[in-house]
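The chain contents come next:
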Amino acid sequence: MPTFSFARTAPLPLDEAWRRLTEWPRHADAVPLTRIEVLTPEPTGVGTRFVARSGLGPLTFDDVMEVTVWLPPADGEGGLCRLQKRGRVVLGWAEIEVRPGPGGRSRVVWREELRVRFLPRAFDGVLERTARAMFGRAVNRLLRRT
């Protein structure tokens, strides 16, 4: 399973960076050809489930995720959200960490372990590079948009 991480610094307070990254439906605006459906009632917390449906026509797959750790920022301290991927095709986990950065900004660290069922391990390198680029662009967009 490829594991990757990347970090971004955003000119946002902790709470705002957290909000932009954990409002799940907003991810559909940042990830091409993707729709998000939240399957559980608000507010988000441990047990929240949602599905990211990506693709075109018959080439569509679901990335079903469940929040397993939900520690929003509080009192100037950072926050951590962990998602477990529970789909039939996409497996693994993702972590979104928001912590204080330099000059009152927020530092975002995204970590992910990703596996696509039926995809041979020979494709792990391509999968890792593609996912890192795609999720990196998505995080950039989420942090820029209000």
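This report concerns the structure included in the present document. Counting restarts for each chain, with residues numbered from 1 along the sequence as it is written. Restriction of local features to residues with pLDDT of at least 70 applies here, the model being predicted, together with a cutoff of 80 or more for giving and counting side-chain atom pairs; totals for whole chains, interfaces and linings are based on all residues. For the side-chain quantities, the full set of heavy atoms in the structure was used; hydrogens and water were omitted.

So, about the pairing of strand S4 (residues 59-71). One bridge is not enough; two strands pair if DSSP finds at least two bridges between them. Runs of H or I in DSSP of at least four residues are treated as helices and runs of E of at least two as strands, each being numbered from the N terminus. Here eight bridges tie strand S3 (residues 49-56) to S4, and the two strands are oriented antiparallel to one another. By the bridge assignment, phenylalanine 50 is partnered in S4 with methionine 65. Counted between consecutive antiparallel strands, the loop separating S3 from S4 contains two residues, among which glycine 57 sits at a positive phi close to 55°. Taken together, the six bridges between S4 and strand S5 (residues 79-86) define a ladder with antiparallel strand orientation. From the neighbouring strand, tryptophan 70 faces S5, where its bridge partner is cysteine 81.

Turning next to the nonpolar core. Formed by 33 residues in total, the largest nonpolar core has its most connected members in Leu21, Trp24, Leu83, Val98 and Leu143. The element that contributes the greatest number of residues to this core is helix H3 (residues 124-144), accounting for seven residues. Pairs of residues are marked as contacts when any of their non-hydrogen atoms sit within 4.5 Å. Setting aside its immediate chain neighbours within four residues, tryptophan 24 contacts Ile36, Val38, Thr44, Thr48, Phe50, Val67, Trp70, Cys81, Leu83 and Ile96. For this analysis, a nonpolar core means a set of buried residues of the types Ala, Val, Leu, Ile, Met, Phe, Trp, Tyr and Cys, connected via side-chain atoms within 4.5 Å. Per-residue accessibility, obtained with a 1.4 Å probe over protein chains only, is compared with the maximum for each type, and a residue is labelled buried under 20%, exposed over 50%, and partly exposed between these values.

The end-to-end C-alpha distance of H3, which contains 21 residues, comes to 30 Å, matching closely the 30 Å that a straight helix rising 1.5 Å per residue would cover. All of the buried residues along H3 are Leu127, Ala131, Phe135, Gly136, Ala138, Val139, Leu142 and Leu143. On its buried face, H3 sits against strand S1 (3-10), helix H1 (14-22), helix H2 (27-30) and strand S7 (106-116). To estimate how far a helix should reach, multiply one less than its number of residues by 1.5 Å.

Of note, aspartate 63 is situated in strand S4. In protein, a polar contact means a hydrogen-donor-capable atom and an acceptor-capable atom, both N or O and within 3.5 Å, with residues adjacent in sequence counting only if both atoms are side-chain atoms; elsewhere, any N or O pair within 3.5 Å suffices. Polar contacts involving the side chain of aspartate 63 include one to the side chain of lysine 85, which spans 2.7 Å. Discounting chain neighbours no more than four positions away, the residues touching aspartate 63 are Phe50, Val51, Ala52, Lys85 and Val90.

So, on to H1. Those residues of H1 not exposed but buried are Leu14, Ala17, Trp18, Arg20, Leu21 and Thr22. Buried positions along H1 lie against H2, S4, S5, strand S6 (90-100), S7 and H3.

Only the six-membered ring of Trp is used, alongside the rings of Phe and Tyr, when aromatic pairs are assigned; centres must lie within 6.5 Å, and planes under 30 degrees apart are stacked while those over 60 apart are edge-to-face, with the rest tilted. What the rule picks out here adds up to five aromatic pairs. Taking 6.1 Å as the distance between ring centres and 10° as the angle between the ring planes, the aromatic pair formed by phenylalanine 6 and tryptophan 110 counts as stacked. Of the two residues, phenylalanine 6 is situated in strand S1 and tryptophan 110 in strand S7; the sequence distance between them amounts to 104 residues. Charge over a ring is defined by NZ of Lys or CZ of Arg lying within 6 Å of the ring centre and within 35 degrees of the ring normal. Against the face of tryptophan 93 rests arginine 82, its NZ or CZ located 4.3 Å from the ring centre.

A few words now on the layout of surface pockets. Only protein atoms enter the 1 Å grid, on which a cavity is a set of points fitting a 1.4 Å probe that cannot get out and a pocket is an open set with protein on both sides within 12 Å along at least 5 of 7 lines, lining residues being those with an atom within 4 Å of a point. Grid points are joined across faces, edges and corners, and a volume is the space filled by probe spheres set on the points. Estimates place the volume of the largest pocket at around 540 Å³. In terms of lining, the largest pocket is formed by 27 residues, of which the most central are Ser54, Phe61, Asp63, Met134 and Phe135. Elements that contribute at least two residues to the lining of the largest pocket include exactly strand S2 (34-38), S3, S4, S5, S6, S7 and H3. Here the residues of the lining of the largest pocket are counted per class, giving 19 nonpolar, five polar and three charged. What lines the second largest pocket is a set of 14 residues, and nearest its centre among them are Thr22, Glu23, Trp24, Glu42 and Thr44. For this classification, Asp, Glu, Lys and Arg are treated as charged, while Ala, Val, Leu, Ile, Met, Phe, Trp, Tyr, Cys and Pro are nonpolar and the rest, including Gly, are polar.

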